[in-house]
Amino acid sequence: MSRSVWKGPFVDGYLLKKAEKVRSGGRNEVIKIWSRRSTILPQFVGLTFGVHNGHKHVPVNVSEDMIGHKFGEFAPSRFFPGHGGDKKAVKR
């Protein structure tokens, strides 16, 4: 179920503060965040966020195409090593 339109997009308050601080500072540093549930807003375009995936911070450079999506969509939290099998088998 999606969020009601009248409520607007959900963004944790500290993200807006951190993004504004980096923009005013002029430096393009990675902003470490743990809020995978927050929606990407137009104010975040051009910034780099380190989205936590449960193990490490994955760098996500926000572009215009990402607006409206969630941060968690761009930092996969599960690693699939592949199906098991005979590694000695010769591929033909």
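Residues numbered from 1 in each chain as written. Predicted model: local features only at pLDDT ≥ 70, side-chain atom pairs only at ≥ 80, totals over all residues. Heavy atoms only, no water.

Trainee: Which residues make up the nonpolar core, and what are the values?
Mentor: Ranked by internal contacts, the top residues of the largest apolar core, which has 18 residues, are Ile33, Phe44, Phe49, Val51, Val62 and Phe71. Those elements that place two or more of their residues in this core are helix H1 (13-25), strand S1 (30-33), strand S2 (48-52) and strand S3 (57-61). Looking at which element gives the most residues to this core, the answer is H1, with three residues. In this structure, valine 62 is in contact with Ile40, Phe44, Val45, Gly46, Leu47, Phe49 and Phe71, ignoring residues within four places of it in sequence. (Core = buried A, V, L, I, M, F, W, Y, C linked by side-chain atoms within 4.5 Å. Buried < 20%, exposed > 50% of the residue type's maximum accessible area, 1.4 Å probe, protein only. Helix = DSSP H or I, 4+ residues; strand = E, 2+ residues; numbered from the N terminus. Contact = heavy atoms within 4.5 Å.)

Trainee: Mind laying out the environment of glycine 25, listing which residues take part and the relevant values?
Mentor: Mapping glycine 25 onto the fold places it in helix H1. Given a relative accessible area of 53%, glycine 25 falls into the exposed group. Between the alpha carbons of glycine 25 and methionine 66 there is a distance of 24 Å; along the sequence they are 41 residues apart.

Trainee: If you had to explain the pairing of S2 to someone new, which residues and values would you point to?
Mentor: Of all five residues in S2, five are buried, a share of seventy percent or more. The two faces of S2 match: Thr48, Gly50 and His52 on one face and Phe49 and Val51 on the other face are all buried. Pairing between S2 and S3: five bridges, direction antiparallel. The residue bridging phenylalanine 49 from the neighbouring strand is valine 60, located in S3. (Pairing = 2+ DSSP bridges.)

Trainee: If you had to explain the confidence of the model for the protein chain to someone new, which residues and values would you point to?
Mentor: Averaged over the protein chain, the pLDDT score is 91; the fraction of residues at 70 or greater is 93%. In the model of the protein chain, H1 stands out as the element of lowest mean pLDDT, 93, in contrast to S2, which has the highest, 97. (pLDDT = per-residue confidence, 0-100.)

Trainee: Give a description of the pairing of S1 that names residues and reports values.
Mentor: Each regular strand carries side chains that alternate between the two faces of the sheet. Of the two faces of S1, only the one carrying Ile31 and Ile33 is buried; Val30 and Lys32 on the other face are not. Summarising the sheet, S1 and S2 pair through four bridges and their orientation is parallel. Pairing of isoleucine 31 across the sheet is with phenylalanine 49, part of S2.

Trainee: Got a sec to walk through the packing of aromatic side chains? Specific residues and values, please.
Mentor: Tallied over the entire structure, the rule returns three aromatic pairs. Seen in terms of ring centroids, phenylalanine 44 and phenylalanine 49 are 5.2 Å apart; in terms of plane orientation they differ by 70 degrees. Their pairing is edge-to-face. What makes phenylalanine 44 buried here is its relative accessible area of 0%. The class of phenylalanine 49 is buried, set by a relative accessible area of 0%. Aromatic ring contacts, followed pair by pair, group Phe44, Phe49 and Phe71 into a single cluster. (Phe/Tyr/Trp six-rings, centres within 6.5 Å; stacked < 30°, edge-to-face > 60°.)

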